[in-house]
Amino acid sequence: IGILIGRLFKLNPYIIAILGRITNLIYYLSVIYFAIKLMPKEKWKNILIVCALLPMSMVIAASLSPDAIIISTMYLAIAYVLHLKYDKEKIGIKETIIFGILCLIPTMCKVVYIFLTILFFTIPKEKFKNTKCRIIYFAIIMCIILIPYLVWNKIPKPEEVAIRTNQTEQIY
């Protein structure tokens, strides 16, 4: 968003990069705030605060790297699962979709984060209507993640467009 704003106002590249970094930091701190609010136990809130405010975490948060989005969203997903595990009486489709979206964001950046979905199985089975419901909810989470991921990867990226490498053609 910061980069788009900078381009919109035709600012120089250095200012655009600074705007991107500031926007990334604001996103990171906002998501961490909600993760801390959602975390069920005070002890875990303190652990999350310490991890999120480590110097290396803050350096990543204030960079142009997608890692700031990945890390903060993963903290929020973990806090949400713990919230479901300890604070919620029953888990429904709404909670499942929210967790699926929280898992989708890091997975779209790096596919290895699809394993974040395994946290769903830390929620006690008593929180679901039955075992079949639990499996269906997990299947919904996987669909929420895999369908956009597969569609996104079918779109050709600029680096995949054929480049002429014949040196003779380039000279003439």
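Residues numbered from 1 in each chain as written. Predicted model: local features only at pLDDT ≥ 70, side-chain atom pairs only at ≥ 80, totals over all residues. Heavy atoms only, no water.

Student: Just checking my understanding: could you explain the overall build of the chain for this structure?
Tutor: Counting secondary structure elements, the chain contains eight helices and zero strands. Going residue by residue from the N terminus, the α and β elements of the chain occur as α-α-α-α-α-α-α-α. Here the C-alpha radius of gyration of the chain, 20 Å, is well above what a compact globule of 172 residues would show, namely 16 Å. Along the first, second and third principal axes, the C-alpha atoms of the chain reach 70 × 35 × 25 Å. Of the contacts formed within the chain by residues at least 6 apart in sequence, a portion of 67% connects residues at least 24 apart. Just so you have it, the chain exposes about 11,200 Å², and 71% of that area is on carbon and sulfur atoms. Of the charged side chains in the chain, 20 are positive and 9 negative, and the gap between their average positions amounts to 4 Å. (Helix = DSSP H or I, 4+ residues; strand = E, 2+ residues; numbered from the N terminus. Rg over C-alpha atoms; globule rule 2.2 N^0.38 Å. Contact = heavy atoms within 4.5 Å. Areas by Shrake-Rupley, 256 points an atom, 1.4 Å probe, with all protein chains shown as cover. Lys, Arg positive; Asp, Glu negative; His and termini not counted. Charge placed at Lys NZ, Arg CZ, Asp CG, Glu CD.)

Student: What am I meant to see in the pattern of salt bridges here?
Tutor: Charged atoms that come close allow side chains of opposite charge to pair. For the coordinates displayed, the defined rule picks out two salt bridges. Between Asp-67 and Lys-110 there is a salt bridge whose closest N-O contact spans 2.9 Å. Here Lys-110 lies in the loop between α6 (93-109) and α7 (131-154) and Asp-67 lies in helix α5 (residues 67-86), a separation of 43 residues in the sequence. Given a relative accessible area of 35%, Lys-110 falls into the partly exposed group. (Salt bridge = Lys/Arg side-chain N within 4 Å of Asp/Glu carboxyl O. Buried < 20%, exposed > 50% of the residue type's maximum accessible area, 1.4 Å probe, protein only.)

Student: What should I look at first to understand the side chain of Arg-134 in this one?
Tutor: Assignment of secondary structure puts Arg-134 in helix α7. In this structure, Arg-134 is buried with no salt-bridge partner, the nearest side chain bearing the opposite charge being Glu-126 at 7.5 Å. Those residues in contact with Arg-134 that lie beyond four places of it in its chain are Phe-120, Phe-121, Ile-123, Lys-125 and Phe-128.

Student: What's the story with α7 in this structure? I'm lost.
Tutor: Between the first and last C-alpha of α7 there are 34 Å, a value that for 24 residues agrees with the 34 Å anticipated at 1.5 Å per step. Residues of α7 that are buried sit in contact with α6. Sitting at the amino-terminal end of α7 is Asn-130, which places a side-chain oxygen 3.2 Å from the backbone nitrogen of Lys-132. (Expected span 1.5 Å × (residues − 1). Polar contact = N/O pair within 3.5 Å; in protein donor to acceptor, adjacent residues only side chain to side chain.)

Student: Explanation requested: the packing of α6 against α7 in the structure shown.
Tutor: Any two packed helices are characterised by how steeply their axes cross, that is the angle between the axes, and by the distance between the axes. At a minimum axis distance of 9 Å, the contact between α6 and α7 shows a crossing angle of 35 degrees. Crossing handedness for the pair α6 and α7: right-handed. Where α6 abuts α7, its residues Ile-93, Thr-96, Ile-97, Phe-99, Gly-100, Ile-101, Cys-103, Leu-104, Thr-107 and Met-108 lie against Tyr-137, Ile-140, Ile-141, Ile-144, Ile-145, Pro-148, Tyr-149 and Trp-152. The class makeup of the residues in the contact of α6 with α7 is 15 nonpolar, three polar and no charged. (Axes fitted to C-alpha atoms, helices over the stretch in contact; angles between N-to-C directions. Left-handed = near helix turned anticlockwise from the far one by under 90°. Nonpolar A, V, L, I, M, F, W, Y, C, P; charged D, E, K, R; others polar.)

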